[in-house]
Amino acid sequence: MEKAKIGISVGLFAAAVYLLGVFGGYVVTVLVAGYVLLKEDSVWLKKQCIRTVALMLLFSVAYGLLGLIPEFFSI
């Protein structure tokens, strides 16, 4: 099994990044994703970090657009 440079498996590290994306917020997730993109060698782990940040942005945009619906009907 492939290990990350911090000593845990790559799959566990990717799961931790996804959990940080759900519960940690943008700052912590972007910091961890930046570490992975700069220091880690696993291409799969890098793709998972990019996917996590992209999903966070997608859901934020969707939440913002859904928030505009009541404003549209109030006009």
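Nothing here was measured: the structure is a model prediction, and the numbers come from that model. (Residues numbered from 1 in each chain as written. Predicted model: local features only at pLDDT ≥ 70, side-chain atom pairs only at ≥ 80, totals over all residues. Heavy atoms only, no water.)

Visitor: Please clarify how the packing of helix α1 (residues 10-23) against helix α3 (residues 43-74) should be interpreted in this entry.
Guide: When two helices pack together, their arrangement is given by the angle between the helix axes and the distance between those axes. It is the contact of α1 with α3, at a shortest axis distance of 10 Å, that shows an interaxial angle of 10 degrees. Compared by their axis directions, α1 and α3 come out roughly parallel. In this structure, α1 uses Val10, Gly11, Phe13, Ala14, Val17, Tyr18 and Gly21 to contact α3, whose residues at the interface are Trp44, Leu45, Gln48, Cys49, Arg51, Thr52, Leu55 and Met56. Considered class by class, the residues forming the contact of α1 with α3 number 10 nonpolar, four polar and one charged. (Axes fitted to C-alpha atoms, helices over the stretch in contact; angles between N-to-C directions. Helix = DSSP H or I, 4+ residues; strand = E, 2+ residues; numbered from the N terminus. Parallel < 35°, antiparallel > 145°, perpendicular 65-115°, else oblique. Contact = heavy atoms within 4.5 Å. Nonpolar A, V, L, I, M, F, W, Y, C, P; charged D, E, K, R; others polar.)

Visitor: How should the side chain of Glu40 be read in this particular structure?
Guide: Mapped onto the elements of the fold, Glu40 is located in the loop between α2 (26-39) and α3. Buried charge without a salt bridge: Glu40, with Lys5 as the nearest opposite-charge side chain at an N-O distance of 6.1 Å. In terms of polar contacts, Glu40 uses its side chain to reach the backbone amide nitrogen of Lys5, at 3.1 Å. (Buried < 20%, exposed > 50% of the residue type's maximum accessible area, 1.4 Å probe, protein only. Lys, Arg positive; Asp, Glu negative; His and termini not counted. Salt bridge = Lys/Arg side-chain N within 4 Å of Asp/Glu carboxyl O. Polar contact = N/O pair within 3.5 Å; in protein donor to acceptor, adjacent residues only side chain to side chain.)

Visitor: What should I look at first to understand a nonpolar patch on the surface in this one?
Guide: Residues Leu66, Ile69, Phe72 and Phe73 make up a contiguous nonpolar surface patch of about 490 Å² in total accessible area. Mapping Ile69 onto the fold places it in helix α3. When its relative accessible area of 41% is taken as the criterion, Ile69 is described as partly exposed. (Patch = residues over 30% accessible without salt bridge, like charges linked within 9 Å, V, L, I, M, F, W, Y side chains within 5 Å. Areas by Shrake-Rupley, 256 points an atom, 1.4 Å probe, with all protein chains shown as cover.)

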